[in-house]
Amino acid sequence: MTLIDIRKITGRIGAEVIGIDPASDFDVQFVKDALHEHKALVFKNVSLDDEGQLRFAARFGELTKAHPTVPSVDGAPSILPVDSEEGRANQWHTDVTFVVAPPKASTLRSLVVPPYGGETLIANTAAAYRDLPSPLRAFADTLRAVHTNDYDYVQPSLSDKEKARREIFVSQKFRTAHPVVRVHPETGERGLFIGGFAQRIVGLSTTESRDILRLLQSYVTRPENIVRVAWEPNQLVLFDNRITQHYAIDNYDDLPRRLHRVTVAGDVPVGVDGERSESLEGDASHYTTI
């Protein structure tokens, strides 16, 4: 009989799952409960191919397409290639928050890992919310932020190839107003729902928005709220996209790093006031039916 264990990686976020094979039948509710508690789960020494990753992710709900604008793996419309040769997402973000119903969970599976570096940082946004001083927490509860995939993150020094990738990324433009504090639909926890796609606070100027978002984001990225996932061959990571942010560290020189991502469709976020997010621009029905 295989012993099943959940081993915490840090006090606030992250755990390694021992004794569960993602390629076989397992207690889905047990894993969901562990995910709700730890926010990010690591499975080591897994034996999964693309079909196996799709089957694993589908145990947690309907799958999204790979991305609203970026092409999928050939012949696999729900698998997004995360390839260092096609760009490096070294920015804090929650996946696809520029649409009205972002994914509820993301899975990442290692294909090629560098011999050093290339870790993924994952942050607990519920812990960040709890860290806020009471007046700031009450203020955040009242705010909504506009998330978009169309903002100026291309510097003049970037190559033509990188600019071409951005053109694909913004080939369809999305803007969505989300609550800055999201209530988790299953646990009731409150978490800061911001990240790189959040560009403006509704009702405030660009300068005011930038200052407030930077202040709130500084609580998300406190070291005690972060787990650092070092990639190994045959490794799978599952994280709750509703209450985390993540960052892929660009610290592995020009070495290759390739992962495959599959995301589980999520619901429309709800704020402390009970109001749902609102789509302002862009139809994402081709990406997720929810």
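For the structure itself, consult the block above.
Just so it is clear, the model here is predicted, and its values are computed rather than measured. (Residues numbered from 1 in each chain as written. Predicted model: local features only at pLDDT ≥ 70, side-chain atom pairs only at ≥ 80, totals over all residues. Heavy atoms only, no water.)

Q: Hey, could you run me through the sheet that holds strand β6 (residues 120–124) in this one?
A: Consider a sheet: its strands pair through backbone hydrogen bonds, and that pairing is either parallel or antiparallel. In spatial order, the strands read β12-β6-β14; together these three strands make up an open sheet with antiparallel pairing. The open sheet terminates on both sides in strands that have one partner only, identified here as β12 (226–229) and β14 (244–248). Across the sheet, the mean angle from the axis of one strand to that of its neighbour is 20 degrees, orientation sign disregarded. (Pairing = 2+ DSSP bridges. Helix = DSSP H or I, 4+ residues; strand = E, 2+ residues; numbered from the N terminus. Axes fitted to C-alpha atoms, helices over the stretch in contact; angles between N-to-C directions.)

Q: Mind showing me how you'd approach the packing of aromatic side chains here?
A: Ring pairs (aromatic) are described by centroid distance and by the angle formed between their planes. Enumeration over the complete set of coordinates arrives at ten aromatic pairs. A ring pair is formed by Phe56 and Phe60, whose centres lie 5.3 Å apart and whose planes are at 65 degrees; its orientation type is edge-to-face. Judged by its relative accessible area of 1%, Phe56 falls in the buried class. Taking 6.5 Å as the distance between ring centres and 80 degrees as the angle between the ring planes, the aromatic pair formed by Tyr151 and Phe197 counts as edge-to-face. (Phe/Tyr/Trp six-rings, centres within 6.5 Å; stacked < 30°, edge-to-face > 60°. Buried < 20%, exposed > 50% of the residue type's maximum accessible area, 1.4 Å probe, protein only.)

Q: Sorry if this is basic, but what is going on with unusual backbone geometry here?
A: If a residue is not glycine, its phi is most likely negative; likewise, a peptide bond is most likely trans. Here Asn45, not a glycine, exhibits a phi torsion of approximately 55 degrees, which is positive. Residue class for Asn45 comes out exposed when judged on its relative accessible area of 67%. One non-glycine residue with positive phi stands out, namely Val96, at about 60 degrees. By the element assignment, Val96 lies in the loop between β4 (80–83) and β5 (105–112).

Q: Honestly, empty space enclosed by the protein in this entry has me stumped. Any pointers?
A: Where empty space is left becomes clear once a probe the size of a water molecule has been rolled over the atoms. If you walk through the whole model with that rule in mind, you get one cavity of 30 Å³ or more. Taken as a whole, the largest cavity spans an internal volume of roughly 80 Å³. Lining the largest cavity, in full, are Lys32, Leu35, His36, Phe60, Lys104, Ala105, Glu186, Leu238 and Arg242. Broken down by element, the residue count for the lining of the largest cavity peaks at three residues, all from helix α1 (residues 28–38). (1 Å grid on protein atoms, 1.4 Å probe; cavity = no way out; pocket = protein on both sides within 12 Å on 5 of 7 lines; lining within 4 Å. Points joined across faces, edges and corners; volume = space filled by probe spheres on them.)

Q: Whenever I open this one, the sheet that holds β5 confuses me. Can you help?
A: The strand order β1-β2-β3-β13-β5-β15-β4 describes an open sheet built from seven strands, whose pairing is mixed. Strand pairing shows two members of the sheet lacking a second neighbour, β1 (5–8) and β4, which therefore form its edges. The average undirected angle you get between the axes of adjacent strands in this sheet is 25 degrees. The pairing of β4 with strand β15 (residues 258–264) spans four bridges and is classified as antiparallel. The residue bridging Asp83 from the neighbouring strand is Arg258, located in β15. α1 rests against β1, β2 (15–18), β3 (40–43) and β13 (236–240) of the sheet, and its axis sits at about 125 degrees to β3. The strands that helix α2 (residues 50–58) touches are β3, β5, β13 and β15; relative to β15, the one it contacts most, it runs at about 30 degrees. (Contact = heavy atoms within 4.5 Å.)

Q: Looking at this structure, how should I read the layout of surface pockets?
A: One number sums up the size of the second largest pocket: a volume of about 370 Å³. The wall of the second largest pocket is formed by 14 residues, among which Gly195, Gly196, Ala198, Gln199 and Leu213 lie closest to the centre. Within the residue set of the lining of the second largest pocket, elements represented by two or more residues are β11 (198–201) and α6 (206–220). For the lining of the second largest pocket, the leading source of residues is α6, giving six residues. Classifying every residue of the lining of the second largest pocket gives five nonpolar, seven polar and two charged. (Nonpolar A, V, L, I, M, F, W, Y, C, P; charged D, E, K, R; others polar.)

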